[in-house]
Amino acid sequence: MKCTLKTLKGDAFPVDVEGSTTILAVKEMAANSESGKAAGWEVAGIKLIFQGKVLDDGKDLASYNIAENDFMV
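All values reported here derive from a predicted model rather than from experimental measurement.

Participant: Describe the pattern of salt bridges, and please don't skip the residues or the numbers.
Facilitator: For side chains bearing opposite charge, pairing can occur when the charged atoms are close. In this structure the tally under the stated criterion is one salt bridge. Where lysine 27 meets aspartate 57, a salt bridge forms, and the shortest distance between an N and an O atom there is 2.6 Å. Pair noted here: lysine 27 is in helix α1 (residues 23–32) and aspartate 57 is in the loop between β4 (53–54) and β5 (71–72), with a separation of 30 residues, a long-range link. Classification of lysine 27 by relative accessible area gives buried; the value is 7%. A relative accessible area of 29% means that aspartate 57 is categorised as partly exposed.

Okay, here's the thing in structure tokens:
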């Protein structure tokens, strides 16, 4: 499924994930993306937020009910 990651600066880019993908894996995808490499993002420095909640690295997307076309900040 495709989800969107949005930065606090307003940039957005899609990621291809599954419901079983962990939050840590999404952070790794973000850090390894073109935007992440250009900005020098590190996995340890990324916080993902969905519907006002900071997401825990050990949980998967399904546990937060993140679905197709949702976005995380």
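Back to the write-up after that little detour.
Participant: Please give an account of unusual backbone geometry that cites residues and values.
Facilitator: Phi is positive for asparagine 65, which is not a glycine, with a value near 55°. With respect to the helices and strands, asparagine 65 occurs in the loop between β4 and β5. A positive phi angle, close to 70°, is found at asparagine 69, a residue other than glycine. Tracing the sequence through the fold places asparagine 69 in the loop between β4 and β5.

Scoring rules and cut-offs
Throughout this description, residue numbers start from 1 for each chain and increase along the sequence as written. Only residues with pLDDT of at least 70 are given local features in this predicted model, and only at 80 or more are side-chain atom pairs given and counted; all residues enter the totals for whole chains, interfaces and linings. Only heavy atoms go into the side-chain values, all of them from the structure, while hydrogens and water stay out. Put simply, a salt bridge is a Lys or Arg side-chain nitrogen that is within 4 Å of an Asp or Glu carboxyl oxygen. Each helix corresponds to a stretch of at least 4 residues labelled H or I by DSSP, and each strand to a stretch of at least 2 residues labelled E; elements are numbered beginning at the N terminus. For each residue, the accessible area found with a 1.4 Å probe, counting protein chains only, is set against the maximum for its type, and the residue is called buried under 20%, exposed over 50%, and partly exposed in between.

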